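Residue-level structural notes
The chain contents come next:
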Amino acid sequence: MRLEGKVAVVTGGASGIGRAMGVAFAAEGARVVVADRDEAKGSSVAEEIRGLFVHVDVTSSKSSDAMAEQVFGKFGRIDILANNVGVRVVKPFLEHTDADWDVMISTNLTGPFLCSRAVVPFMQRAGSGRIINTASIASFVGRPDRVAYVAAKAGLLGMTRAMAIDLGRMGITVNALAPGSINSPMNAEHAADEEHDWGKETPVGRWGRAEDVANAAVFLALDESSYITGAEIKVDGGWVSTKARAG
Ligand code: NAD
């Protein structure tokens with residue numbers, strides 16, 4: 001019960017990695033807010049973990065502000081914000097439309113900014129807080145057919161570092177998690193591809209699980225992690241290490 005008494009907001013908490021974060025935070029005693037645009041799935045996860053569902057569209061400042069107000073109104077505190085919403089467009093460079101570009105940036109980069117800006121005043125008042133951004137291995141290396149996704153996720157790492165500087169003296173840490181291929185709904189097709197087993201390319205020899213990322217999120221959420229900020233933790237079974245070259 002290392003998060004007893006804390007209130008944790010997980011955006012994108014209705015599915016995949018966000019759902020696993022909610023389950024893990026709740027198992028550690030936190031009161032969890034599942035903040036998502038999918039009301040049916042989000043409410044069902046909230047019920048499962050005895051949390052609260054709050055509707056949010058992270059691409060809207062009005063909706064993000066309303067979400068933060070609602071959570072604070074209900075619990076009187078917000079200790080942890082997991083900016084986990086993310087969507088992915090996979091198509092060749094020349095087929096990326098204006099709308100594809102906009103949705104990648106507004107959801108994966110602007111979204112974490114808007115939710116953080118909405119929540120930080122409450123953390124600042126309390127003198128402490130934890131912001132955990134779900135980045136990606138695509139923050140470190142290029143990936144084929146994902147130009148806008150890679151751009152947004154690389155930007156999210158830069159934002160994480162800049163926010164760590166701006167918010168450090170408020171007692172708020174800001175860190176990023178960079179999952180590799182995790183066997184979540186986002187990757188259902190990819191995981192079922194028998195010709196190319198991504199898991200075998202990783203040093204640990206398996207696909208990632210949503211729980212692998214959630215466990216790292218719990219670590220960053222703890223009081224004991226107060227000296228870790230502006231950092232990124234790869235949860236990728238070592239995959240990026242196989243791509244790094246010296247010189
Ligand atoms: P997922 O598709 O299972 O869940 C995403 C959730 O976000 C859904 O519940 C969806 O309703 C919600 N959502 C989407 N747009 C929203 C919006 N505008 N406002 C509110 N909610 C919205 O995804 P996942 O696989 O669990 O991925 C979670 C995060 O992890 C994403 O940021 C993703 O980019 C990142 N990631 C995933 C993988 C992977 O292998 N699955 C790898 C690297 C990074």
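Please read these numbers as outputs of a predicted model, since none were measured by experiment.

1. A few points about the site of the ligand
Around the ligand lies a shell of 28 residues, among which Gly12, Ser15, Gly16, Gly86 and Met186 are the nearest. Looking at which element gives the most residues to the shell around the ligand, the answer is helix H1 (residues 16-27), with three residues. Grouping the constituent residues of the shell around the ligand by class yields ten nonpolar, 13 polar and five charged.

2. Things to note about the pairing of strand S6 (residues 172-179)
In terms of burial, S6 is a largely internal element, eight of the eight residues being buried. In S6, alternate side chains face the same way, and those of Ile172, Val174, Ala176 and Ala178 on one face and Thr173, Asn175, Leu177 and Pro179 on the other are all buried. In the sheet, strand S5 (residues 129-134) pairs with S6 via six bridges, with the strands oriented parallel. Directly across from Thr134, in S6, lies its bridge partner Leu177. What joins S5 to S6 is helix H5 (residues 147-167), and the crossover it makes is right-handed. Sheet topology note: the S6/strand S7 (residues 232-235) ladder contains four bridges and is parallel. When the bridges of S7 are listed, Ala178 appears paired with Lys234.

Calculation rules
Residues numbered from 1 in each chain as written. Predicted model: local features only at pLDDT ≥ 70, side-chain atom pairs only at ≥ 80, totals over all residues. Near = placed C-beta within 6 Å. Helix = DSSP H or I, 4+ residues; strand = E, 2+ residues; numbered from the N terminus. Nonpolar A, V, L, I, M, F, W, Y, C, P; charged D, E, K, R; others polar. Buried ≥ 20, exposed ≤ 12 C-beta atoms within 10 Å, placed from the backbone. Pairing = 2+ DSSP bridges. Right-handed = clockwise from strand over helix to strand, strands pointing away.

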